[in-house]
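Structure assessment
The chain contents come next:
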Amino acid sequence: MSSPSANPVSNSQTSLSPSNSQSHSMSHQDVSLQTLVQHLLASKRSLSSINTVWRANEIVTSARAALEESAILAARTEFLRGGIAEQVKTLRKVRGGIESVYKDGQREFKEVIRTLDHANSKLESTMETLRTTMVEAAFRPIGEEPRNLLDFVDEQGVETMRDSLKESIRETKEAQTEFDSSILSFDDDLRALRTSMSTSPKPDSSQSKSNLLSSPIPEHLHTLEGHAQEMAHLLESLVKHFDLCVNAIRHTEGGYAAVRKAASSQPPGAEAVSVSGVMNAENDPVHEEAVSEEERKEMLEVLETDAAQVEDVVGELRDFLTEMEAKHDIILDYVSSLTTKYTKTRNAYDILEGIGARLSGYMIASQDFRIRWEETKLQIHEQLSDLESMRLFYENYHASYDGLIAEVYRRKQCDEKVKSIIKKAMEQVDKVYEADMKEREGFRLDVGDFLPVDLFPGVNTPAPKWNFMLADGQDDMVGHVPELDRAVVEAAGRRERERRRNDR
């Protein structure tokens, strides 16, 4: 806007236009009193735009507060996220350690189960061998039902040991179930924390490390402050234009009455205008210093030019405010998003605190499982040792039965040899006996008629009859050695030779 040269009323003659074009010059006679009054009323209405300036000031103040709040929220969020990220790393390491304990336990348990299955399979195989090995009928009383080797041992010990192993396995599975429940709870906590953190995404890597530089608020605030200053200047122009209108009315005869009348008789629907406090009796021209025709002409030219721009200025103020409101909404939305991120990050931190309170329980569960498994594993290995000892006993039992068959066969061979010797001896004895009887009879025939009988009472006694029997009154049935089939003895021998080859 431009101003005329200094004169008594120059303070009220600032123009809204950038320059005073001569094409708009007119004499004071061309501007009627009615026109001046309308310009005054329109200028008075335009001053209501002060509300937009107030609102602009409120927006700037709010934006400055938002800048401060956003900086605090961003700093808090970043601090919390950094702390949570470090704690999450620690939690993952703890979870990895717990997972190692669990996997080691699972692997060792599977190995123990495989060892148990193998040992039990070997025991079952040995017991099946005993079950299918029938005791030779020659070893048993006549008429007894056929019996196998397993019938002569107590199987209850095996069943008791198996029950003990089953109980150890049940306790291990129970410990695993409890540990599983603890691990699942830990995983649920980590999943909840991960979900909570994912709802509050990290800033883009392309953004600056400084939250202020990545924030849109400083740029918008700079624009808002510039708009507010422009609006203040425009409002100041409207005020000066109004002052110019008032000054023109003051130096126009009848102006006061015309303004009062026009203000009180606005057409229907028109905005009411109050001129109270603006125009009063003291405004009468008689109280004002007179102005020259040249000054009045210049004043009216500026007034007329500025009056044509009042609506444009008011519209410009509204446009400025509209743009400021939009940028203010962007700022508030950004602060709201920061608040949401901070709230979600805070929720994640609360979840982290809960995990921290339960973490000792998860670690204790891991330690309990490891201790219980070590104790159970030791117990199972002892039971495995007992199981193997029992299998070896059964193996030796079966081997001893084969040895019994070989021993009976050896004894039978010995008996046969003795009997063979006795038979041969008896044959020699019988020959001696017969020879002795012949000699005795010959002697009797030769000297019997001449030798008195009472000289040797035993002279006519027949030769003694000799025989073999068991010594010391042994019962022949007790010492009887049973007869075994040749195939049975040979089968036992083959099994024994097979054992010896396997033991090498």
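Residues numbered from 1 in each chain as written. Predicted model: local features only at pLDDT ≥ 70, side-chain atom pairs only at ≥ 80, totals over all residues. Heavy atoms only, no water.

**Details of the overall build of the chain**
For clarity, the cut-off: Here a strand is any run of E in DSSP of at least two residues, a helix any run of H or I of at least four, and the numbering for each starts at the N terminus. Each residue gets one of three labels from its accessible area relative to the maximum for its type: buried under 20%, exposed over 50%, partly exposed in between, using a 1.4 Å probe on protein chains only. Contact definition: two residues touch when any of their heavy atoms are within 4.5 Å.
Along the backbone of the chain there are nine helices and zero strands. Scored against the burial criterion, the 504 residues of the chain give a buried share of 35%. In the chain, of all internal contacts separated by at least 6 residues, the share reaching a separation of at least 24 is 88%.

**What about the packing of aromatic side chains?**
The condition that has to hold: Under the pairing criterion, centres of Phe, Tyr and Trp rings, with the six-membered ring standing for Trp, must be within 6.5 Å; the plane angle then separates stacked pairs below 30 degrees from edge-to-face pairs above 60, leaving the rest tilted. We call a charge positioned above a ring when the Lys NZ or Arg CZ atom is no farther than 6 Å from the ring centre and deviates by at most 35 degrees from the ring normal.
For the coordinates displayed, the defined rule picks out six aromatic pairs. Through a chain of ring-to-ring contacts, three or more aromatic side chains come together here, namely Y102, F179 and F369. It is K465 that lies over the ring of Y433; its NZ or CZ is 4.4 Å from the centre.

**Focus on the packing of helix α2 (residues 50–132) against helix α8 (residues 310–447)**
Convention followed: Axis definition: a line fitted to C-alpha atoms, limited for helices to the stretch in contact. Angles are taken between N-to-C directions and run from 0 to 180 degrees. Working rule for angles: under 35 degrees goes down as roughly parallel, over 145 as roughly antiparallel, 65 to 115 as roughly perpendicular, anything else as oblique. Helix crossings fall into two classes, left-handed where the near helix is turned counterclockwise from the far one by less than a right angle and right-handed where it is turned clockwise.
For the pair α2 and α8, the least separation of the axes is 5 Å and the interaxial angle reads 15°. Comparing the axis directions of α2 and α8 gives the class roughly parallel. The chirality of how α2 crosses α8 is left-handed.

**Here we look at the environment of D368**
In this fold, D368 is placed in helix α8. Among the residues examined, D368 registers a relative accessible area of 40% and is labelled partly exposed. Each C-alpha atom, one on D368 and one on A175, is 8.6 Å from the other, the two residues being 193 residues apart in sequence.

**Comments concerning the nonpolar core**
Just so we agree on the cut-off: Within this scheme, the nonpolar core is defined by two criteria: the residues are buried Ala, Val, Leu, Ile, Met, Phe, Trp, Tyr or Cys, and they are joined through side-chain atoms within 4.5 Å.
The biggest cluster of nonpolar side chains holds 31 residues, and the ones touching the most others in it are L224, M231, L238, M324 and I331. Sorting the residues of this core by element identifies α2, α5 (217–250) and α8 as the ones contributing at least two each. Top element by residues in this core is α8. It accounts for twelve residues. In contact with M324, not counting residues within four places along its chain, are A56, I59, V60, L224, H227, A228 and M231.

**Digging into the packing of helix α3 (residues 156–198) against α8**
Put simply, the rule reads: Any residue outside Ala, Val, Leu, Ile, Met, Phe, Trp, Tyr, Cys, Pro, Asp, Glu, Lys and Arg is labelled polar, Gly included; the first ten of those are nonpolar and the last four are charged.
Two elements in contact, α3 and α8, have axes whose closest approach is 8 Å; the angle formed by their N-to-C orientations is 165°. Between α3 and α8, the interaxial angle falls into the category roughly antiparallel. Both α3 and α8 take part in a crossing whose hand is left-handed. Of the residues belonging to the contact of α3 with α8, the class tally is 23 nonpolar, 13 polar and eight charged.

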